[in-house]
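Now for the letters of each chain:
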Amino acid sequence: MVYDVAIIGAGVTGAMTARELSRYELSVCVIEKESDVAMGASKANSGIVHAGFDAKSGTLKARFNVEGSLMMEKITKELGVKYKRNGSMVLAFREEERDVLLELYERGIRNGVGGLEIINGERIRELEENVSDKALYALHAKTGAIVCPYELTIAAMGHAMDNGVELFLESRVLDISCDNGAFEVETTKGTIKARYIINAAGLYADKISRMVGDDSFEITPRKGEYLLLDKELCGLVGHTIFKVPTKMGKGVLVSPTVDGNILLGPTSEDIYDKEDTQTTRVGIEKIINSAAECVKNIPFGSVITSFTGLRATTKNGDFLITAPKPNFLNLAGIDSPGLTAAPAIAVHVSNMLKDMGLELVEKKDYTSTRKIYQVEKSRYNKMVCRCEKVSEGKIIEAIHTNPKAITVDAIKRRTRSGMGRCQGGFCMPSVVSILARELGIDVCEVRKSGGDSRIVVGKKE
Amino acid sequence: MQTKDLVIIGGGPAGMAAAVSAYGKGIRDLLIIERDESLGGILQQCIHNGFGLHMFKEELTGPEYAWRYEKMILDLGIPFKLNSMVVDISKDKVITYVNEEEGEVKIKAKAIILAMGCRERSRGALNIPGTRPAGIYTAGTAQKFINMMGLMVGRQVVILGSGDIGLIMARRMTLEGASVKAVCEIMPYSSGLARNIVQCLDDFNIPLKLGHTVTKIHGKDRLEGVTISKVDENRRPIPGTEEYTECDTLLLSVGLIPENELTKGMGIELDGSTRGAVVDQNRETSLEGVFSCGNVLHVHDLVDYVSEEAYIAGEAAARYIKGERVKNNNISVTASDNVSYVVPQRITSDKEKVKIYFRTKNELDNVQIIVSDCENVVYKAKRRKTKPGEMEYVTMAEDVLNNIKGNEISLKVIGE
Amino acid sequence: MELVCIVCPVSCNLEVVMEDGKIKEIKGAGCKRGVKYAEEETICPKRTLTTTIRTTDNRMVPVRSDKPLPKDRVFEVMEKINKVKCVPPVRIGDIILEKVYEDVNIIATRNIG
Ligand SMILES: Cc1cc2nc3c(=O)[nH]c(=O)nc-3n(C[C@H](O)[C@H](O)[C@H](O)COP(=O)(O)OP(=O)(O)OC[C@H]3O[C@@H](n4cnc5c(N)ncnc54)[C@H](O)[C@@H]3O)c2cc1C
Ligand SMILES: Cc1cc2nc3c(=O)[nH]c(=O)nc-3n(C[C@H](O)[C@H](O)[C@H](O)COP(=O)(O)OP(=O)(O)OC[C@H]3O[C@@H](n4cnc5c(N)ncnc54)[C@H](O)[C@@H]3O)c2cc1C
Ligand code: SF4
């Protein structure tokens, strides 16, 4: 068959776009090289719904940030994912930094951001008792919010699939050719034909674009490392706390997550290797030092995990939304605030496709809520993960609800089983057994994530 | 709402022994709640021998030790619920548990004994840089896979941490055909028992690398290797000492942490050093009628001490229920020089002798243990040797307790 | 020869003084069991083997040798154990494999219903 639209990349950009397009009478597929959705930048970022005062006025970033931020609350409600408007603060530690705050404030007003104010030290401490005593001023943005980025991506893709979108996992796009007005996308799992292509391949968007002869841009990975603290620290800060930004970005933040943990990071380092998601000793130390400047009394002994995300940056620093070839759209350079912007970009894409001649007819049988797989009720009373209190029912649900979890990590991202303080030490053996049973495979075939990431290597005789 | 005199949370060795002792003191309206499918706790996966030398004067395996108590529970007819997880306990002692058959159930108890055991410290707690492939497990998880499910987690193994579980797993993996390349220990000494080093490592020529740690993880999908580095006296890796070791499995045996989420939920005071509740000599916590024993209170190296402690808690709970528990004192016990923690942290009666358990911070020889109040040394004892990995105790008799001045005593240790 | 006694957790450091290939003296033992251990460890070191056996319905039974085995026979016995499956129910103490080495039997250490 020939799909109307093939989207390459199942990050938040691809997923939101797929969901937007699933409203219409179109055949849409999403092609993803990994074993699950949200395996790129969309799984490892700060999860902040930025208010929108950062981006330079007039840029695509500014526009889609503000638009996306306004859409986010409603979308998260529709998708049934967590969203919390916790507000953010940018701290100034020196008198001269106050000017930077003013600049951000004015830029925010220009970008159309509401709920901004500059507050003094006393007010800062009133709102956040653990913020450093050295903070003199802060830009307080009441519309700043937090979401769980992979929960959002998974839900968006699931909703798209409930409305007919197909997802091909572990299918890396190798080449694209154009034949009689349709594209042929060659993947590691076969060829897929489509009339329109949307390139949402994150770090590899340059490579995909080159496949159709466009080498006008290049993506450089910029590494961001994080530390995650135990839930017992919930309440350390309520707002997302930044320092005044530098050239390399917004700096290390201290923020609650929607699940009640505390997130520290990211670092910011330009690297060459697009697969280098290793955490480093230097990075970890940077985070610790930087976070300690903003917030007092952080017990770094309560770190439960660390991780790394790679920002897909381009030279000019703005999102790159272009059509280098007819019926081929690049959504490239989607670094921060790409998570926030995704819903707005998705709407923009569907308008662009319409302008390119794609007919958009609304589906009659569109379902506005997600279809959750029904599991026997008693299974919800059987606890599998003690730290996050995840039941067997929830795990079975994740295995059979779109987009279906086929690995231990995929279950973890959907249910939080294994994300608590014991990091799967307790529940992993049970999760492995449940996966094997529900997927009808041998326990030895169960994988942690993609590739040959088997959990157990053999059976005792 | 259902009511009970005594509810015991956790059916491991601590929970079982506490139930048996409370029963022995006349408590009949009691219940053990256990989330696993059998009683016995962590012992069911500890299939090796080495349990029970103090308690039964016999060398038993974990399941055999567990069976001794399970049998007492069955013979006495003490009720227990399996596959039932306690999800909440309120300050006024209402316990909420869930299971498949009954859904969510609430029980109001006169007294509660917390015996939830502990969990293992994970990789995240260590912040080892590198990738996050499959093949990294805590030693206890690997133990569960092999011993309970018959599944091999890997073939070429490096073990980080020389605690007893790590040592035991080195032998277990070797017996099942894996090759254990090394056991790395960041400290200059092992926290495991010397007997385990002999019979788990030396017997199989497995090198124990003291003063070494894993500084990097390699491999994308499945673990491919680790970098091992020497550390300096401040436990910082020494640049230039990195060595790459190929392996498909890394087991972490880097410490246990008492499982006190429920305890915290009740607002019970916790001790930052033990990470368990602050208790008195009865193992009663800061919340009246709530007791704590076993690994949830502090991590024990020997199950025999767990049972002993559980007897204390069980008896005290019985006395509390019958209104016979006396509190006529309030002395706080604190850890001083070279001592990492003490249990109990409070003495609330001078009617009975009290054993104070503690761990030292370092390995010491020719050790003097000194307990003093605000004015004088009230008690002194000697040991040939102390190790952080091995719990010690001193017994303070009634007359010593009676002579304490002020309301604080501190325990310190001097040695070479 | 220096040894660490493995009989109990005290882990005494033992010193075995040899003369003409025979034990002359054993120093350092905290109790008699340590002396016996040192003698045996010098002549023929022995260990209790603990492992598991799969049941025919795919569950795991923990087992152990009912007496210590010569250390250098351990892998041989493991091989024998890994070749068999046992049929439930199993009671604690049941002999699962008889005479795996001389008079040493392999017994179950847990009830499997
Ligand atoms: C450290 C960090 C912090 C951030 N913080 C925030 C924040 O707080 N708020 C915010 O709004 N934004 C934030 N962002 C930005 C946000 O995370 C990204 O903009 C967003 O996740 C990008 O989504 P995406 O779908 O474009 O890319 P990705 O999520 O990277 O998805 C691209 C997908 O394409 C797939 N792919 C690539 N090549 C191929 C191929 N050949 N064949 C098939 N599939 C392919 C990849 O596997 C991947 O799944 C942050 C980013 C980083 C890295
Ligand atoms: C791997 C390992 C090896 C060891 N080796 C030895 C050895 O060789 N010799 C020796 O003497 N000692 C050894 N020990 C120590 C000894 O086994 C432990 O100290 C002892 O098991 C602790 O007993 P416990 O009852 O406190 O905890 P556990 O045995 O952990 O039991 C706690 C129980 O509580 C249950 N529980 C927890 N939370 C809930 C809840 N919310 N609701 C319901 N139930 C709950 C758990 O399922 C568990 O069954 C070892 C320990 C470990 C972990
Ligand atoms: S000699 Fe006795 S006291 Fe010392 S370790 Fe051996 S058995 Fe224990």
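Residues numbered from 1 in each chain as written. Chains lettered and ligands numbered in written order. Predicted model: local features only at pLDDT ≥ 70, side-chain atom pairs only at ≥ 80, totals over all residues. Heavy atoms only, no water.

## Section: the overall build of chain B
- Counting its secondary structure elements, chain B contains 8 helices and 28 strands.
- Here the C-alpha atoms of chain B give a radius of gyration of 22 Å, agreeing with the 22 Å that 2.2 N^0.38 yields for 416 residues.
- The principal-axis extent of the C-alpha atoms belonging to chain B is close to 65 × 60 × 40 Å.
- Residues classed as buried in chain B amount to 63% of the 416 residues present.
- Summarising the internal contacts of chain B: among those between residues at least 6 apart in sequence, 62% fall at separations of at least 24.
- Carbon and sulfur atoms form 46% of the exposed surface of chain B, whose accessible area is close to 15,200 Å².
- Within chain B, one finds 51 positive and 56 negative side-chain charges whose respective centroids are separated by 2 Å. (Helix = DSSP H or I, 4+ residues; strand = E, 2+ residues; numbered from the N terminus. Rg over C-alpha atoms; globule rule 2.2 N^0.38 Å. Buried < 20%, exposed > 50% of the residue type's maximum accessible area, 1.4 Å probe, protein only. Contact = heavy atoms within 4.5 Å. Areas by Shrake-Rupley, 256 points an atom, 1.4 Å probe, with all protein chains shown as cover. Lys, Arg positive; Asp, Glu negative; His and termini not counted. Charge placed at Lys NZ, Arg CZ, Asp CG, Glu CD.)

## Digging into the overall build of chain A
- Broken down by element type, chain A carries 11 helices and 23 strands.
- Relative to the globule expectation of 23 Å for 461 residues, the C-alpha radius of gyration of chain A, 22 Å, shows essentially globular dimensions.
- Seen through its principal axes, chain A has C-alpha atoms that stretch 65 × 60 × 40 Å.
- Of the contacts made within chain A by residues no fewer than 6 positions apart, 72% connect residues no fewer than 24 positions apart.
- Carbon and sulfur atoms provide 48% of the accessible area of chain A, an area that totals close to 17,900 Å².
- Of the charged side chains in chain A, 62 are positive and 61 negative, and the gap between their average positions amounts to 3 Å.

## Section: the nonpolar core
- Ranked by size, the top nonpolar core spans 73 residues in total, and within it Val-5, Ile-7, Met-16, Ile-198, Ile-345 and Leu-353 of chain A carry the most contacts.
- With 9 residues, the single largest contributor to this core is helix α8 (residues 338-355) of chain A.
- Residues from two domains meet in this core; each of domain 1 (2-42 + 150-219 + 316-356) and domain 2 (88-142 + 220-310) of chain A gives at least three.
- In contact with Ile-345 of chain A, not counting residues within four places along its chain, are Thr-13, Phe-64, Phe-319, Ile-321, Leu-331 and Ile-334 of chain A.
- Formed by 71 residues, the second largest nonpolar core is a distinct cluster that contains Cys-444 of chain A, Tyr-137 and Phe-145 of chain B together with Val-90 of chain C. (Core = buried A, V, L, I, M, F, W, Y, C linked by side-chain atoms within 4.5 Å. Domains from an automatic or database assignment.)

## Section: the interface of chain C and chain B
- Contacts between the two partners involve 29 residues from chain C and, on the opposite side, 28 residues from chain B.
- Taken together, the two surfaces of chain C and chain B that pack against each other cover about 2,500 Å², and 56% of this comes from carbon and sulfur.
- Its largest share of buried area at the contact with chain B, chain C owes to Pro-9, Thr-50 and Arg-110 of chain C, together 23% of the area lost on that side.
- Viewed at the interface, chain B and chain C are joined by 3 salt bridges.
- A salt bridge links Arg-64 of chain C to Glu-64 of chain B; the shortest N-O distance between them is 2.9 Å. (Buried area = accessible area lost by both parts, 1.4 Å probe. Salt bridge = Lys/Arg side-chain N within 4 Å of Asp/Glu carboxyl O.)

## Observations regarding the interface of chain B and chain A
- Every contact between the two is made by 45 residues of chain B and, on the other side, 45 residues of chain A.
- Both faces considered, chain B and chain A share a buried interface measuring about 3,900 Å² in area, 52% of it formed by carbon and sulfur atoms.
- Scanning the region where chain B abuts chain A turns up 4 salt bridges.
- Taking the shortest distance from any N to any O, the salt bridge between Lys-460 of chain A and Glu-176 of chain B comes out at 2.6 Å.
- Linking chain B with chain A are 14 residue pairs in polar contact (both at pLDDT 80 or more), by the criterion used here.
- Contributing elements (two or more residues each) for the side of chain B that touches chain A: β6 (85-89), β7 (94-99), β9 (118-120), β10 (136-138), α3 (139-149), β11 (151-152), β15 (212-218) and α6 (261-265) of chain B. (Polar contact = N/O pair within 3.5 Å; in protein donor to acceptor, adjacent residues only side chain to side chain.)

## Brief notes about the domain arrangement of chain B
Residue and element names in this part refer to chain B.
- Split by domain assignment, chain B resolves into domain 1 (1-120 + 255-325), domain 2 (122-254) and domain 3 (329-416).
- If you average the C-alpha positions of domain 1 and of domain 2, the two centres end up 31 Å apart.
- If you look at the interface, domain 1 gives 11 residues, while domain 2 gives 17 residues.
- For the domain 1 and domain 2 pair, buried surface summed over both sides reaches about 1,100 Å², with 49% attributable to carbon and sulfur atoms.
- Our count for the domain 1 to domain 2 interface comes out at 1 salt bridge.

## Quick word on a positive patch on the surface
- A surface patch of like charges, here positive, comprises Lys-43, Arg-172 and Lys-207 of chain A together with Lys-220 of chain B.
- Along the chain, Arg-172 of chain A falls in the loop between β9 (166-168) and β10 (173-179). (Patch = residues over 30% accessible without salt bridge, like charges linked within 9 Å, V, L, I, M, F, W, Y side chains within 5 Å.)

## Re the site of ligand 2
All names here are of chain B.
- Around ligand 2 sit 32 residues in total, of which Ala-14, Glu-34, Val-86, Asn-295 and Val-303 are the nearest.
- Contacts to ligand 2 include Gly-50, whose backbone N or O atom sits 3.4 Å from a nitrogen atom.
- Contacts to ligand 2 include Asp-301, whose backbone N or O atom sits 3.3 Å from a nitrogen atom.
- Its free accessible area being 990 Å², ligand 2 has 94% of it covered by the protein chains.
- At the level of elements, α1 (13-24), β3 (49-51), β6 and α7 (303-321) are the ones that each hand at least two residues to the shell around ligand 2. (Near = heavy atom within 4 Å.)

## Observations concerning helix α5 (residues 149-162) of chain A
- Taking 1.5 Å of rise per residue, 14 residues should cover 20 Å, and α5 of chain A covers 20 Å from first to last C-alpha, within 8% of that figure.
- Trailing α5 of chain A by a residue or two, Gly-164 of chain A shows a phi angle of about 100°, which is positive. (Expected span 1.5 Å × (residues − 1).)

## Focus on the sheet that holds strand β1 (residues 2-4) of chain C
All names here are of chain C.
- Reading across the sheet, the 3 strands line up as β1-β2-β3 and stay open at both edges, with antiparallel pairing between neighbours. Looking along the sheet, the strands with just one partner apiece sit at the ends: β1 and β3 (22-27). Mean inter-strand twist for the sheet, computed between neighbouring axes without regard to direction, equals 30°.
- The pairing of strand β2 (residues 13-19) with β3 spans 5 bridges and is classified as antiparallel. What sits directly across from Met-18, in β3, is Ile-23.
- Along the sheet, helix α1 (residues 32-43) makes contact with β1, β2 and β3, crossing β2 at roughly 55°. (Pairing = 2+ DSSP bridges. Axes fitted to C-alpha atoms, helices over the stretch in contact; angles between N-to-C directions.)

## Observations concerning the confidence of the model for chain B
- Confidence along chain B averages 93 in pLDDT terms, with 99% of residues attaining 70 or more.
- On the interface metric, ipTM, the complex scores 0.91, and its pTM is 0.89. (pLDDT = per-residue confidence, 0-100.)

## A few points about the packing of helix α1 (residues 12-21) of chain A against α8 of chain A
Residues and elements named next belong to chain A.
- Contact geometry of α1 with α8 gives a least axis separation of 8 Å together with a crossing angle of 45°. Of the possible angle classes, the one that applies to α1 and α8 is oblique. The element α1 and its partner α8 pack so that their crossing is right-handed. The residues of α8 that touch α1, namely those facing Val-12, Thr-13, Met-16, Thr-17, Glu-20 and Leu-21, are Gly-338, Leu-339, Ala-342, Pro-343, Ile-345, Ala-346, Val-347, Val-349, Ser-350 and Leu-353.
- When the residues that make up the contact of α1 with α8 are grouped by side-chain class, the tally is 11 nonpolar, 4 polar and 1 charged. (Parallel < 35°, antiparallel > 145°, perpendicular 65-115°, else oblique. Left-handed = near helix turned anticlockwise from the far one by under 90°. Nonpolar A, V, L, I, M, F, W, Y, C, P; charged D, E, K, R; others polar.)

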